[in-house]
Amino acid sequence: MFEKFKDRIAMKSDPASPRYRRYMANRICGLRIKYVTERINDVETVIGRAGGMNIRDGVFIVHASNNIVFRANVDEMSAGELLSHDGVVLTAPDLETGRERTIVVHFTDYFR
């Protein structure tokens, strides 16, 4: 019962707070990926297919097409779900490239 109450408090908190960012990361962690896209110079490019998301030592990892396509610290990552509830937009400084990236992850099953 306390977990449901804690989740409600987290959802009402500031989306820029580390607590809310950890909550969203834990919520989408473990969902299967259909494909991952990134917009570069107004062109949407598919950067991976068929993978998953995981959190390890405070780092959010997106792997698709047998590669790690995105790594970011959970406390610095912003996550917002798509209106269709079948994906999420992730924005954070990428630990792989060192620059801020925005990717869209589309799920194989709906966001619950």
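Quick note: structure is the one above.
All values reported here derive from a predicted model rather than from experimental measurement.

The rules behind these values
Per chain, the residues get numbers from 1 upward, laid out in the order the sequence is written. Restriction of local features to residues with pLDDT of at least 70 applies here, the model being predicted, together with a cutoff of 80 or more for giving and counting side-chain atom pairs; totals for whole chains, interfaces and linings are based on all residues. Working from all heavy atoms in the structure, the side-chain values ignore hydrogens and water. What counts as a helix is a DSSP run of H or I of at least four residues, what counts as a strand is a run of E of at least two, and both are numbered from the N terminus. Any residue under 20% of the maximum accessible area for its type is buried, any over 50% is exposed, and the rest in between are partly exposed; the area is computed with a 1.4 Å probe on protein chains only. Whether two residues are in contact is decided by their heavy atoms, any of which lying within 4.5 Å being enough. Note that accessible areas follow from Shrake-Rupley with a 1.4 Å probe, and for residues the cover is restricted to the protein chains shown. Here the nonpolar core consists of buried residues drawn from Ala, Val, Leu, Ile, Met, Phe, Trp, Tyr and Cys, with membership extended through side-chain atoms lying within 4.5 Å. One side-chain nitrogen of Lys or Arg within 4 Å of one carboxyl oxygen of Asp or Glu is enough to make a salt bridge. Within 3.5 Å is the distance limit for a polar contact, defined as a pair of N or O atoms, with the added protein rule that one can donate a hydrogen and the other accept it, and that residues adjacent in sequence qualify only through two side-chain atoms. For two strands to be treated as a pair, DSSP must find no fewer than two bridges joining them. Angles run from 0 to 180 degrees between N-to-C directions of axes, and those axes are lines fitted to C-alpha atoms, restricted for helices to the stretch in contact.

What about the overall build of the chain?
Helices and strands together make up the secondary structure of the chain, namely two helices and seven strands. Among the 112 residues that make up the chain, the fraction classed as buried is 36%. If you take every contact in the chain between residues at least 6 apart in sequence, the share linking residues at least 24 apart comes to 39%. Surface exposure of the chain reaches about 7,000 Å², of which carbon and sulfur atoms provide 51%.

Considerations on the environment of arginine 22
As for its position among the elements, arginine 22 is in helix H2 (residues 18-28). Taking the relative accessible area as the measure of exposure, arginine 22 reaches 39% and is therefore partly exposed. C-alpha separation for the pair arginine 22 and valine 74, spaced 52 residues apart in sequence, amounts to 6.0 Å. Once residues within four sequence positions are removed from consideration, arginine 22 is found in contact with Val74 and Asp75.

Examining the nonpolar core
Judged by nonpolar contacts, the single largest core of 24 residues is most densely connected at Val36, Met53, Phe60, Val62, Phe70, Leu90 and Val105. Considering each element in turn, this core owes the most residues, five residues, to H2. Those residues in contact with phenylalanine 70, other than ones at most four positions away along the chain, are Phe60, Ile61, Val62, Met77, Leu90, Ala92, Asp94, Arg101 and Ile103.

Digging into the pattern of salt bridges
Under the criterion given, the structure shown has seven salt bridges. Put simply, arginine 101 and glutamate 38 hold a salt bridge, and the shortest N to O gap is 3.0 Å. Remark: glutamate 38 occurs in strand S1 (residues 32-40) and arginine 101 occurs in strand S7 (residues 100-107); sequence separation between them is 63 residues. Pair check on accessibility: arginine 101 and glutamate 38 agree, each one buried. Several salt bridges share partner residues, and in doing so they unite Glu38, Asp94, Arg99 and Arg101 into one network.

Concerning the side chain of arginine 101
Owing to a relative accessible area of 7%, arginine 101 belongs among the buried residues under this scheme. Within polar-contact distance, the side chain of arginine 101 engages the side chain of glutamate 38 at 3.0 Å. Leave out the neighbours within four places in its chain, and arginine 101 touches Glu38, Ile47, Val69, Phe70, Leu90, Thr91, Ala92 and Asp94.

Looking at the sheet that holds strand S5 (residues 78-81)
Spatial strand order, S4-S3-S2-S1-S7-S6-S5: seven strands in an open sheet with antiparallel pairing. In this open sheet, the two strands that pair with only one neighbour each are strand S4 (67-73) and S5. For this sheet, the mean inter-axis angle between neighbouring strands, taken without regard to orientation, is 30°. Judged from the five bridges that link them, S1 and S7 form a sheet pairing that is antiparallel. Across the sheet, the residue bridging to valine 36 is valine 105, located in S7. Strand contacts of H2: strand S2 (43-56), strand S3 (59-64), S5, strand S6 (87-93) and S7, with the helix running at about 95° to S2, the strand carrying the most contacts.

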